[in-house]
Amino acid sequence: MEPELIVKSIMGLIALLALLIFLLFYNPNKSKKKAVTPVQPTEETKSSKEVEETSFKVLVAMIKNKKSDAKKLEYALGMILKHHGKVHKKMGLRAHPEFAIYENIIFTLCRHPHTNKDLIVNFDRELLKLNPDYKQEINDAITKGLNSRGI
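Just so it is clear, the model here is predicted, and its values are computed rather than measured. (Residues numbered from 1 in each chain as written. Predicted model: local features only at pLDDT ≥ 70, side-chain atom pairs only at ≥ 80, totals over all residues. Heavy atoms only, no water.)

A. Just the packing of helix H6 (residues 117-130) against helix H7 (residues 135-149), in detail. Interhelical geometry of H6 versus H7 gives an angle of 165° and a closest axis separation of 10 Å. Taken as axis vectors, H6 and H7 run roughly antiparallel relative to one another. For the element pair H6 and H7, the recorded crossing hand is right-handed. Residues Ile120, Asp124, Leu127 and Leu128 of H6 form the contact with H7, whose own contacting residues are Lys135, Ile138, Asn139, Ile142, Leu146 and Arg149. Among the residues forming the contact of H6 with H7, the class breakdown is 6 nonpolar, 1 polar and 3 charged. (Axes fitted to C-alpha atoms, helices over the stretch in contact; angles between N-to-C directions. Helix = DSSP H or I, 4+ residues; strand = E, 2+ residues; numbered from the N terminus. Parallel < 35°, antiparallel > 145°, perpendicular 65-115°, else oblique. Left-handed = near helix turned anticlockwise from the far one by under 90°. Contact = heavy atoms within 4.5 Å. Nonpolar A, V, L, I, M, F, W, Y, C, P; charged D, E, K, R; others polar.)

B. How the structure looks around the packing of aromatic side chains. Per the stated rule, a full pass over the model turns up 3 aromatic pairs. A centroid spacing of 5.7 Å and a plane angle of 45° characterise the contact between Phe56 and Tyr102, whose relative ring orientation is tilted. On the criterion of sequence distance, the pair formed by Phe56 in helix H3 (residues 56-64) and Tyr102 in helix H5 (residues 99-111) is long-range, its members being 46 residues apart. Here Phe99 and Tyr134 contribute two aromatic rings whose centre-to-centre distance is 4.6 Å and whose plane-to-plane angle is 15°, an arrangement assigned as stacked. One end of the pair, Phe99, is in helix H5; the other, Tyr134, is in the loop between H6 and H7, and 35 residues separate them in sequence. The burial state of Phe99 is the same as that of Tyr134; both residues are buried. These aromatic residues form a ring-pair network of at least three members: Phe56, Phe99, Tyr102 and Tyr134. Its end group placed over the ring of Tyr134, Lys90 keeps NZ or CZ at 5.7 Å from the ring centre. (Phe/Tyr/Trp six-rings, centres within 6.5 Å; stacked < 30°, edge-to-face > 60°. Buried < 20%, exposed > 50% of the residue type's maximum accessible area, 1.4 Å probe, protein only. Lys NZ or Arg CZ within 6 Å of the ring centre and 35° of its normal.)

Structure below.
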């Protein structure tokens, strides 16, 4: 090929790359400023604290927080079992994709610095009562979590 054609092709590709990088970082909503209005707490927002404490994400965050003590762990595990303990049925022989979150909770609980055997055993027992179809998966998750601790 001719050197002039190669140079023009490289220049064209560089220009195209620059355009794509610009589009990657360009955010049209960034330039528009929105007016912020302060929100006054009402009865509904005050009662949302109770809802927030039972939300699944908040409870999982409590368990994942390494600074949570045994009482907070016990509270979070109790609320998960009470409000979110039932996992969807299996899809044939496979576990429901939502069960991966519960496996992660079990694994995190086993590795938590402030956990104890009673918390692990009670959570295991209650989760098995609520989800007998997942017995093998729960046992495997606990085994992996306990083995990962390293003695």
